[in-house]
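# Reading the structure
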Amino acid sequence: MTQAPESTPTPASSPAPLHWKLVVDSANPQSQADFWAAALHYEVEDNNALIERLLELGAVPREAVVEFHARLAFRDLVAVRHPDDPYDPESGTGRGRRLLFQRVPEAKTVKNRLHLDLHAPAGEREREVERLEALGASVLRQVKEPGGEWVVMTDPEGNEFCVQ
């Protein structure tokens, strides 16, 4: 029996572009989704059609669903996606850059092991910090080091992020 030679990927057979989601534990996924969608200029995913199908099939119980922005949403999971990225129109699920907020029973207790850095346009950091505060974020501290300056903030549930 002969073995087929291993092939090196060619541009035509390269993997599809990477899509990802960062999962964030939260007490209230819907309010976190609203905050981060506004903060990042993202869109809250619309999973209404998928949820209706799942309910119709009996695949999810009605108590797993809530009304959110006048449409059905999962009670414990809400995602936001970049508006320019592709998405599946049948499920509403993004196929690009996403944040998924999942309900957890415990509160945040320690510093994040992972955080987002938001990069404001040149000269606009202060205005961006003010915009984020108006959305519900809080300033923890301002950092000035030889390598740069940034503002450490928290989202409405206390998750740290930086604005540069």
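Thresholds, definitions, all that
- Residues numbered from 1 in each chain as written.
- Predicted model: local features only at pLDDT ≥ 70, side-chain atom pairs only at ≥ 80, totals over all residues.
- Heavy atoms only, no water.
- Buried < 20%, exposed > 50% of the residue type's maximum accessible area, 1.4 Å probe, protein only.
- Helix = DSSP H or I, 4+ residues; strand = E, 2+ residues; numbered from the N terminus.
- Arc of directions from axis to C-beta.
- Contact = heavy atoms within 4.5 Å.
- Pairing = 2+ DSSP bridges.
- Axes fitted to C-alpha atoms, helices over the stretch in contact; angles between N-to-C directions.
- Phe/Tyr/Trp six-rings, centres within 6.5 Å; stacked < 30°, edge-to-face > 60°.
- Core = buried A, V, L, I, M, F, W, Y, C linked by side-chain atoms within 4.5 Å.

### Structural notes on helix 3 (residues 125–135)
The complete set of buried residues in helix 3 reads Glu128, Val129 and Leu132. Looking straight down helix 3, one finds that the buried residues subtend no more than 100 degrees of arc, so they occupy a single side. In helix 3, the exposed positions angled more than 90 degrees off the buried face are occupied by Glu126, Arg127 and Ala134. Check the buried side of helix 3 and you find it contacts helix 1 (29–40), strand 7 (116–118), strand 8 (138–145), strand 9 (148–154) and strand 10 (160–163). Looking one or two residues past helix 3, Gly136 carries a phi angle of roughly 120 degrees, positive in sign.

### Observations concerning the sheet that holds strand 9
Taken in spatial order, the four strands of this open sheet run 7-10-9-8, and their pairing is mixed. Each edge of the open sheet carries a strand with a single partner, namely strand 7 and strand 8. Put simply, the sheet's adjacent strands are angled 25 degrees from each other on average, direction ignored. Note that strand 9 and strand 10 share four bridges and pair antiparallel. Note that in strand 10 the partner of Val151 across the bridge is Val163. Along the sheet face, helix 1 touches strand 7 and strand 10 and points at about 40 degrees away from the line of strand 7. Where helix 3 meets the sheet, it contacts strand 7, strand 8, strand 9 and strand 10, and its direction lies at approximately 5 degrees from that of strand 9.

### Examining the side chain of His82
On the secondary structure map, His82 appears in the loop between strand 5 (77–81) and strand 6 (97–103). On the basis of relative accessible area, His82 is assigned to the buried category, the value being 17%. His82 has contacts with Tyr42 and Arg97, leaving out every residue within four places of it along the chain.

### Section: the sheet that holds strand 1 (residues 20–26)
Across the sheet, which stays open at both edges, the four strands sit in the order 1-6-5-2 with mixed pairing between neighbours. In this open sheet, the two edge strands, each paired with only one partner strand, are strand 1 and strand 2 (43–44). Bridge count between strand 2 and strand 5: two bridges; the pairing is antiparallel. Along strand 5, the bridge assignment pairs Val44 with Val80.

### Brief notes about the packing of aromatic side chains
As enumerated under the stated definition, the model contains three aromatic pairs in all. Pairing Phe35 with Trp36 gives two aromatic rings, centres 5.1 Å apart and planes at 90 degrees, and the pair type is edge-to-face. Residue classification places Phe35 among the buried positions, given a relative accessible area of 3%. Owing to a relative accessible area of 5%, Trp36 belongs among the buried residues under this scheme. Seen in terms of ring centroids, Trp36 and Phe161 are 4.9 Å apart; in terms of plane orientation they differ by 70 degrees. Their pairing is edge-to-face. Here Trp36, found in helix 1, pairs with Phe161, found in strand 10; they are 125 residues apart in sequence, far enough to count as distant. For the pair formed by Trp36 and Phe161, the shared burial category is buried. What links up through ring pairs into an aromatic cluster is the set Phe35, Trp36 and Phe161.

### A few points about the nonpolar core
Of all hydrophobic cores here, the largest spans 24 residues; its most connected members are Trp36, Val80, Leu132, Met153, Phe161 and Val163. Only strand 1, helix 1, strand 5, strand 6, helix 3, strand 9 and strand 10 provide two or more residues apiece to this core. Among the elements that line this core, the one with the most residues is helix 1, at five residues. Setting aside chain neighbours within four positions, we find Phe161 in contact with Phe35, Trp36, His115, Leu116, Leu118, Leu132, Ala137, Val151, Val152, Met153, Thr154 and Asp155. One finds Leu50, Ile51, Val65 and Phe74 within the second-largest nonpolar core, a separate group that totals six residues.

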